[in-house]
Structures are given as C-alpha cells and as structure tokens.
Amino acid sequence: MKYKYNIKNLDCANCAKTIENKLNEDKNIKKAIVNFNSSTVTVETDLKDAFTYIKKIVSEIEPDAILSEDKIKENKNIDIYRIVLGGLIGLIGIVVKLPNYLSTILIVVAYIILIYKTLLTAIKQLRKKVINENFLVTISALGAFVLGDSHEGLMVLFLYDLGKVLESMAVNKSRNSVAELMDIKEETSNLKEKNKIIVVPTTEIKVGDIVVVKEGERVPLDGTIVKGSSMLDTSALTGESLPISVKVGDNILSGSINKGGLLEVKVTSIYKDSTVNKILELVETATERKTKTEKVVSKYSSKYTLGVIIIAILTAVLLPLFTSLTYSESIYKGLTILVISCPCAIAISIPLSYFSGIGASSREGILVKGSNYLDSIKNIKEIAFDKTGTITTGEFYISKINIHNKEYTEDKIMEIFAKGESLSNHPIAKSVLKKYNKEVSHNDIKDFKEVSGKGIEFTYKKDKVKIGNPKYCGIKEESSNIYLTINNSLVADIEIKDEIKRLFNIGEISTNDMTYLSNARSIALLKKSLNNINDAINEINNNNPIDIVELSLKESWNNLGEVIGETYTDELLDELFSRFCLGK
C-alpha cells in the first residue's frame, strides 16, 4: 500500500535525501520519496504498522525530525528567541567591561544557549555513525573556546543558527507559495443520489456517479456534463486566462472552476486517475527530477565531510613539523578549515537555491515540475506561447466601434450590445458593460438565447437581434470582432483587445524578436514549421499514446522560430497543446 506522512523540522534538502536513501535501502519498503518541497514522506510498503516503522528510521537519521499522519504547523519563534538571547548575552560578555569571572560566566551561558541543540544533534548522529555539519560546527566552536578565542566560537554558533532559521523561513515561504499555486484539489464533492445531494469525500466517488458543481466551485473529478452549461476557468491547468464555454456532452477536467450556472457531471475517472491528482503527483515527485549539479553534490557530500575532517586534522598535526607555527596556531587553522569548508555551503545551498527558484516562480503563478526544468531555462532561445493572459492582462476592452448602418448612433449601438451582453456570463460581456457604463433595462428584451461559443440572440422591441462571431451572424469574412445584426442586417461590429502586462517592456523588443500572429496565421505556421503536426493530429484522432505525439513535437520544436499568438480556435491543436504543456 501507499502511505503519505507529514514531516516537521526538516530544514535541509540534503537531510531529506539522506532519509530517502535510507528508506529505499530497507528491504521492507518498495519505494520512498521524501519531498523537501512539501515536507512529506511517501512510501510504498506491505507493512501493517508502516507509520511506526518509518518513524523509527526517520528519528534515527534526523533526531529532530517529527513524523506525523496529520498536518504539522512549525513554530520557529522559539529558535529565534534562543538565538537572540544567546547572542545578546555573549555580546555583553565580550564587549562590556566586567570582572573576568562574570564575563566568563556570561560567555559560557551564551555558549550553552547557542550550542546545545547543535551538540545534541551531533551526538545523536555520531551514535548512528553519521558525521555532518553539526559535528563540524560543534568541534570548531568548542576548539575556539579552548584556544581562548571564545568570541570567534560564539560568532560561528550565532551565524550558523541564524542561517538555519533564515533558511527555514525561506523554505517555508517557498513551500507556501507552491501549496497556494497547487490548491486545486476539491476535498469533498456534491454527490447526487436520486433526488438528494450529499457531500462526500472526493476519493469515495466512483466512475458513473453524478456530481453537482455549483457556481464558484472547482470540478472535483474528470467527467462529462449531463445537465447545464457554463463557463469554466481552466487557468490552473492550462494557463489560459480566457474561460471556456461548456455544455451538455462536453468533457471537462478536474481542477477547473465553474464560473457560471449549475452543472451535473457524470464522473469518468476516479480521483487516483484524475487530472488534478496527476498534476499534484508531478509536484510530489518534483524532487526526483534533479539537475546534474544536485546529483553530483548528493553523491559526494558525505565523502566531502569526511575529507574536510581529515584535512583539518592533518593541518593541525603536520604544520608545526614543516613550518614555524606552534601547535596552538596550527590547531586554530585546522578549526578554521572545518568552519569555512562546512558542507552546508555545498550540500545545502545548491538544492536550496533551486528550491527558492521554484518557490519564487510559484509566487508568480508558474509551476516548475523539477529543478532540472529550472536549470534548462538558460538554454531557451525561442518561445512559443499563447498571447492572452500570458503577455497580456486577459482583461478585455472595446478598442473600436465600426458602424455599418448610419441609422444607428454609437450610443444606440452600445445600448443594444449592453442589453444583450448583460444577460450573458461570457467574459467579453464585462468589457461591453464597462464601455456602456449605464444602468441596463431588460423590459424590452424577450426570447433571449445564448449559443455556447458563438453568440447570443434576442428580440429587442420587435426586432430580431444577433450578437456574436461572423459565422453566427451570417457575415462572410474572417475576423475576431463581435458583430451586431438586426433583422439579419449588419449594423455594427466592435473590436476587442486586451492590454499588455506592465512587466513586459515591449519597447525593448524589436520586431525581429517578437511576432504576433492571428489565429489562422498561427495554425498555418504551426502546420508548416512542425513537420510532424499532421501526424500528431492523426495520433490524437486515433487515440494513440500521447507520448508518441510529444516525441514528434520535441524533435521538430526547434523549427518554430516565432512567438505564436492565439491558437485555441482549432480544437485538435488545442488538445495537442494542452496535453503537451501538461506533460501527460
């Protein structure tokens, strides 16, 4: 069976790797993943009392680590108070002119306050034949005290403890950022049984069950709509800020947010096989996808620690034999080597740097599936991405009104647009109402009808009004404008645009660096540049494994030398890109 536990006081990525290696070496454990990012331990084992068994192994390696089956809230304030107190007492003992015995007492007290936690950890790990930075720091600080350089020993302890606390704060901040970004799981679902709706855990829902998704709720499981229509926000899954319109018969993904009316969904996959769970598993296993640098550090960090100790001992013993240094001076230099060569600088800083990068990306809404992906960014030369919501705000506005029937004024046209769009839940309706900026009356509106993905129609007084895309309104031209026809006669059209995000300074990018393309032009360029695109589309139509499609895309991806705009008008390409980007 597969078990997942929470772990507390795990501040070091290298410590997490040590625990993971030890667990995987155990014959009773099939597979173990210690996720430093989310502070979790996931194991596959046939043991009945797995928790007790795993807890014992963890405590042997990391005595301060606490394993729990429930969520744990870490409190680092105690450590901060201890460090501040120890630092102040030590500072008074060193700086303030006091009797020697009193200064010595204050320094000893400061030492005890600052060193006790590191010393206890070092002793516990030595019993398990583990030597790490706790041992090195302890020896260095105690050695400095014996040599009469207690102020330097205090500085080593103070900076080491302070660094651990600051590291922990940075890690927790990154963890929270990743957790907030991945908050896409719906813990409970509204299960429909006969004429009743009961709330049950999502993990208990079976294939074929009907779940009800209310406005504002996330879709708990993948399924097919059997009743209702709405707009879905899929930005957490695909990055597309523009909500998509869905109706009866459409397949929808778990993790999407219902932005419109009530939906009844027939479940097509249990939670284990759902899109949300697959994405969360990518995050859970992100620590397995490491850079070459991390792999090298993980492999040699333990040998490095032993090497540092040997070099320090040789320095302390041999220098007086070949130089004019005294043993007191050579021991001091040996202790200095222990401090400056502490494996924290390598074993901790490198994984932490990558994790901080993942956390910083999460705060900007970017999910990085592993540090190896973060490292590969430096090799990017060309990028293909969707324009709306990526380099633009995704908030639409009316940039121009084109009047084709001079009998209607601009104010009258906007009034008719507003009357219809105010009854719609389409995101473009907001831009129309914002432009109109007046109170809208529906007393003269009848027979309102919204056709998903196309437009709306209604009776205004005695006139038949249609608002929508060119094909829906019977206009024979390719355009992304919204058209208005009254009694099948073209009256006007409006141009909808969205603004470039402020973080992009387009003035610094030449036209050679960036090219915006229309939907039709994007599709044409894709079909031309990606030599295998038609084969890829056929693979999707034939329900062949998407891995084949991804392989063909990756082989020809470098042929695409332009930044591509919107492509979501072609359903096959949309599915191809959504699968490719999600890494299914």
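Since the structure is predicted, the reported quantities are computational estimates derived from the model, not experimental observations.

Enquirer: How do you make sense of helix H5 (residues 133-146) when you look at a structure like this?
Expert: Because each turn of an α-helix spans 3.6 residues, side chains separated by three or four positions end up pointing in the same direction. For H5, which comprises 14 residues, the first-to-last C-alpha distance of 20 Å matches the rise-based estimate of 20 Å (1.5 Å per residue) to within 8%. Listing the buried residues of H5 in full gives Glu-133, Asn-134, Leu-136, Val-137, Thr-138, Ser-140, Ala-141, Gly-143 and Ala-144. The positive-phi residue at the C-terminal boundary of H5 is Gly-148, with phi of around 95 degrees.

Enquirer: How do you make sense of the packing of aromatic side chains when you look at a structure like this?
Expert: For any pair of aromatic rings, geometry is given as the distance between the ring centres together with the angle between the planes. All chains considered together, the criterion is met by four aromatic pairs. Note on Tyr-3 and Tyr-5: the rings are 6.3 Å apart at their centroids and 5 degrees apart in plane angle, and the pair reads as stacked. Ring geometry for Phe-448 against Phe-458: centres 6.5 Å apart, planes inclined by 25 degrees, an arrangement best described as stacked. Note that Phe-448 is positioned in strand S15 (residues 445-451) and Phe-458 in strand S16 (residues 455-460), a separation of 10 residues in sequence. Geometry around Tyr-472 places Lys-466 over its ring, the cationic atom sitting 4.8 Å from the centre.

Enquirer: In this structure, what is going on with the pattern of salt bridges? I would like to understand it.
Expert: Pairing between side chains becomes possible if they bear opposite charge and their charged atoms approach one another. Scanning the model with the defined rule gives nine salt bridges in all. For the salt bridge of Asp-79 with Lys-117, the shortest nitrogen-to-oxygen distance reads 3.1 Å. Taken together, the positions of Asp-79 in helix H3 (residues 77-95) and Lys-117 in helix H4 (residues 100-127) put the pair 38 residues apart, joining distant regions of the chain. Between Lys-464 and Glu-457 there is a salt bridge; the shortest N-O distance is 3.8 Å.

Enquirer: Can you walk me through the sheet that holds strand S6 (residues 196-201) in this structure?
Expert: Pairing between sheet strands relies on hydrogen bonds along the backbone, with the strands arranged either parallel or antiparallel. Pairing within the open sheet is antiparallel, and its six strands lie in the order S6-S5-S7-S13-S8-S11. Looking at the sheet topology across the chains shown, the edges are occupied by S6 and strand S11 (251-252).

Enquirer: Is there a simple way to think about the sheet that holds strand S12 (residues 257-258) in this case?
Expert: Strand order in the open sheet made by the three strands is S10-S9-S12, with antiparallel pairing throughout. The outermost strands of the open sheet, each flanked by one partner alone, are strand S10 (244-246) and S12. As judged from the two bridges shared by strand S9 (residues 230-233) and S12, these two strands associate in the antiparallel manner. In the strand pairing of S12, Asp-233 is matched with Ile-257.

Enquirer: What should I look at first to understand the nonpolar core in this one?
Expert: Burial of nonpolar side chains together is a common tendency in soluble globular proteins. Ranked by internal contacts, the top residues of the largest apolar core, which has 26 residues, are Ile-416, Phe-417, Phe-458, Val-465, Ile-467, Leu-484 and Ile-494. Of all elements in the fold, only strand S14 (392-403), helix H13 (410-421), helix H14 (427-436), S16, strand S17 (463-468), strand S18 (482-486) and strand S19 (489-500) reach the threshold of two or more residues within this core. Sort the elements by how many residues they give to this core and H13 lands first, with five residues. Counting 21 residues, the second-largest nonpolar core is a separate cluster that includes Val-34, Phe-36, Val-41 and Ile-54.

Enquirer: Please clarify how the environment of Glu-407 should be interpreted in this entry.
Expert: Counting through the fold element by element, Glu-407 comes out in the loop between S14 and H13. When the C-alpha positions of Glu-407 and Val-491 are compared, they lie 8.7 Å apart, and in sequence the two are 84 residues distant.

Enquirer: I tried to follow a nonpolar patch on the surface on my own but got confused; where do I start?
Expert: A cluster of nonpolar side chains, Leu-306, Ile-310, Ile-313, Leu-314, Val-317, Leu-318, Leu-321, Phe-322, Tyr-327 and Ile-331, forms an exposed patch at the surface whose accessible area comes to about 960 Å². Every element with two or more residues in the nonpolar patch is listed here: helix H9 (292-322) and helix H10 (327-340). By residue number, the principal contributor to the nonpolar patch is H9, which donates eight residues. By the element assignment, Phe-322 lies in helix H9.

Enquirer: I'm lost on the packing of H4 against H5 in this one. Help?
Expert: Two quantities define a packed helix pair, namely the angle between the helix axes and the distance between the axes. The N-to-C vectors of H4 and H5 enclose an angle of 145 degrees; their axes lie 8 Å apart at closest approach. Handedness of the crossing formed by H4 with H5: left-handed. Contact residues: H4 offers Ile-107, Val-108, Tyr-111, Ile-115, Thr-118, Leu-119, Thr-121, Ala-122, Gln-125 and Leu-126, while H5 offers Asn-134, Phe-135, Thr-138, Ala-141, Leu-142, Ala-144 and Phe-145. Here the residues of the contact of H4 with H5 sort into 12 nonpolar, five polar and no charged.

Enquirer: Please explain the pairing of strand S7 (residues 210-213) as it appears in this structure.
Expert: Every regular strand shows the same layout, with side chains that alternate between the two sheet faces. Bridge count for strand S5 (residues 188-193) against S7 is three bridges, and the pairing is antiparallel. Bridging from a neighbouring strand, Asn-190 pairs with Val-212 of S7. Sheet analysis places S7 next to strand S13 (residues 263-267), joined by four bridges and oriented antiparallel. Considered in S13, the bridge of Ile-210 is made with Lys-266.

Enquirer: Got a minute to help me understand H10 in this structure?
Expert: Here H10 spans 20 Å end to end across 14 residues, near enough to the 20 Å set by a 1.5 Å rise per residue. Taken as a whole, H10 has its buried residues at Ser-330, Gly-334, Leu-335 and Leu-338. Taken end-on, H10 shows its buried residues confined to a sector of 140 degrees, consistent with a single buried face.

Enquirer: Just to check I follow, could you spell out unusual backbone geometry for this structure?
Expert: The phi torsion of most residues other than glycine is negative, and most of the peptide bonds are trans. Here Lys-461, not a glycine, exhibits a phi torsion of approximately 60 degrees, which is positive. Tracing the sequence through the fold places Lys-461 in the loop between S16 and S17.

Enquirer: Teacher, can you tell me more about the side chain of Asp-209 here?
Expert: Relative to the helices and strands, Asp-209 resides in the loop between S6 and S7. No salt bridge is formed by the buried Asp-209, whose closest oppositely charged neighbour, Lys-206, lies at an N-O distance of 4.0 Å. A polar atom in the side chain of Asp-209 sits 2.9 Å from the backbone nitrogen of Lys-206. Here Asp-209 is in contact with Leu-191, Val-265, Lys-266 and Val-267, once residues within four sequence places are set aside.

Scoring rules and cut-offs
Residues numbered from 1 in each chain as written. Predicted model: local features only at pLDDT ≥ 70, side-chain atom pairs only at ≥ 80, totals over all residues. Heavy atoms only, no water. Helix = DSSP H or I, 4+ residues; strand = E, 2+ residues; numbered from the N terminus. Expected span 1.5 Å × (residues − 1). Buried < 20%, exposed > 50% of the residue type's maximum accessible area, 1.4 Å probe, protein only. Phe/Tyr/Trp six-rings, centres within 6.5 Å; stacked < 30°, edge-to-face > 60°. Lys NZ or Arg CZ within 6 Å of the ring centre and 35° of its normal. Salt bridge = Lys/Arg side-chain N within 4 Å of Asp/Glu carboxyl O. Pairing = 2+ DSSP bridges. Core = buried A, V, L, I, M, F, W, Y, C linked by side-chain atoms within 4.5 Å. Patch = residues over 30% accessible without salt bridge, like charges linked within 9 Å, V, L, I, M, F, W, Y side chains within 5 Å. Areas by Shrake-Rupley, 256 points an atom, 1.4 Å probe, with all protein chains shown as cover. Axes fitted to C-alpha atoms, helices over the stretch in contact; angles between N-to-C directions. Left-handed = near helix turned anticlockwise from the far one by under 90°. Contact = heavy atoms within 4.5 Å. Nonpolar A, V, L, I, M, F, W, Y, C, P; charged D, E, K, R; others polar. Arc of directions from axis to C-beta. Lys, Arg positive; Asp, Glu negative; His and termini not counted. Polar contact = N/O pair within 3.5 Å; in protein donor to acceptor, adjacent residues only side chain to side chain.

Nothing here speaks to function; it is geometry throughout.
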